[in-house]
Amino acid sequence: MSTPERPVAVVTGATRGIGRAVAEDLAGTHHVVVGGRTTESVKAVVTELPSAEGFVAELADCGPGGSLERALADLVPRLPRVDVLVHSAGVLRRGSVADVPMADWELSMRVNLVAVAGITRALLPALRTAHGLVVALNSGAGLSATATMGPYSASKFALRAFTDALRDEERANGVRVTSIHPGRVDTDMQHEMIDYERTLYRAEEYLRVESVISAVRLALNAGPEASIDTLTVRPRGFRA
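Described below are features of the structure shown in this document. Worth saying up front: this structure is predicted, and the values here are computed from it rather than measured. (Residues numbered from 1 in each chain as written. Predicted model: local features only at pLDDT ≥ 70, side-chain atom pairs only at ≥ 80, totals over all residues. Heavy atoms only, no water.)

## Some details on the overall build of the protein
Move 1: Along the backbone of the protein there are seven helices and seven strands.
Move 2: Mapped in sequence order, the helices and strands of the protein form the string β-α-β-α-β-α-β-α-β-α-β-α-α-β.
Move 3: The burial tally for the protein puts 50% of its 240 residues in the buried class.
Move 4: In the protein, 63% of the contacts between residues at least 6 apart in sequence involve partners at least 24 apart.
Move 5: Counting every atom, the protein has about 11500 Å² of accessible surface; 53% of that belongs to carbon and sulfur. (Helix = DSSP H or I, 4+ residues; strand = E, 2+ residues; numbered from the N terminus. Buried < 20%, exposed > 50% of the residue type's maximum accessible area, 1.4 Å probe, protein only. Contact = heavy atoms within 4.5 Å. Areas by Shrake-Rupley, 256 points an atom, 1.4 Å probe, with all protein chains shown as cover.)

## Quick notes on the nonpolar core
Move 1: Ranked by internal contacts, the top residues of the largest apolar core, which has 33 residues, are Val 10, Leu 59, Leu 68, Leu 79, Val 82, Leu 123 and Leu 127.
Move 2: Of all the secondary-structure elements, those providing two or more residues to this core are strand E1 (8-11), helix H3 (67-75), helix H4 (102-130), strand E5 (133-137) and helix H5 (150-170).
Move 3: Of the residues forming this core, the biggest block, nine residues, is contributed by H4.
Move 4: In contact with Leu 59, other than residues within four places in its own chain, are Leu 68, Ala 89, Arg 110, Val 111, Ala 115 and Ile 119. (Core = buried A, V, L, I, M, F, W, Y, C linked by side-chain atoms within 4.5 Å.)

## A short note on unusual backbone geometry
Move 1: Within the chain, His 131 stands out as a residue other than glycine whose phi angle is a positive 50°.
Move 2: Relative to the helices and strands, His 131 resides in the loop between H4 and E5.
Move 3: Of note in this structure, Thr 148 is not a glycine but carries a positive phi near 70°.
Move 4: Note that Thr 148 resides in the loop between E5 and H5.
Move 5: Judged by relative accessible area, which is 23%, Thr 148 ranks as partly exposed.

## Here we look at the sheet that holds strand E6 (residues 176-182)
Move 1: In space, the seven strands of this open sheet follow the order E3-E2-E1-E4-E5-E6-E7, with parallel pairing throughout. Each edge of the sheet is formed by a strand with only one pairing partner; in this case those strands are strand E3 (52-56) and strand E7 (230-233). Strand-to-strand twist of the sheet, defined as the mean angle between neighbouring strand axes without regard to direction, takes the value 15°.
Move 2: Across four bridges, the pairing between E1 and strand E2 (residues 31-36) is parallel. Following the sheet pairing, Val 8 is matched in E2 by His 31.
Move 3: Across the sheet, H5 lies against E5, E6 and E7, angled at about 155° from E6, the strand it touches most. (Pairing = 2+ DSSP bridges. Axes fitted to C-alpha atoms, helices over the stretch in contact; angles between N-to-C directions.)

## Regarding the packing of aromatic side chains
Move 1: Applying the stated criterion to the full structure yields zero aromatic pairs.
Move 2: We note Arg 160 situated over the ring of Phe 157; from NZ or CZ to the ring centre the distance is 5.1 Å. (Phe/Tyr/Trp six-rings, centres within 6.5 Å; stacked < 30°, edge-to-face > 60°. Lys NZ or Arg CZ within 6 Å of the ring centre and 35° of its normal.)

## Structural notes on the pattern of salt bridges
Move 1: Summed over all chains, the structure comprises 13 salt bridges.
Move 2: Arg 81 is paired through a salt bridge with Asp 83; the nearest N and O atoms lie 2.5 Å apart.
Move 3: Arg 81 sits in the partly exposed class, given a relative accessible area of 35%.
Move 4: Since its relative accessible area comes to 15%, Asp 83 is described here as buried. (Salt bridge = Lys/Arg side-chain N within 4 Å of Asp/Glu carboxyl O.)

As far as function goes, none of this settles anything; it's purely spatial.
Structural data, given as structure tokens:
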């Protein structure tokens, strides 16, 4: 650890989109551990931050002896404490139940749930030491499911169950757990959504990434006696 006097923030999916924005925001106050899929993408972010290091893992490869397990075996000994863990990595697979291949269901669950559980489990001792915060960047799709969103919503519903269970289990250890559910955000993933739907991309109708960062900061800055359990952030024009 290059600067142990700084609080430590681990951010997955930190090489693009919301995850990168979270890492850049936390870099002003934290030593940031940047998680990503390739050495090149992680290095590109690490070199831009004042205090940072990285880890590289393919989250879909989260079985015994897989990429994630090897990355954590290297990372965990370097982190005696973790003040905040932000789960931002995710994968989007869409399609009707009649058409989606089984591989897409499995990939969704591996990346959006199983990898999250594995990373959290590995870092729990360090989180307990710091009385830290776990933030899961979930989705509005983790609160309600619509046509063609089955694989993604199922994984995000499961992620919500995971955070609820973790919160209840870790209260006595001083670890707080926040589940943030943004609506549509102006990111690369949103472009994927619009491409699938074959509609026009209207950035002004979506949340700015900065609004999601504000939600993360709200959870982070809550007093030590307070827990922001669940937070929903919607575009102003959203209609249920």
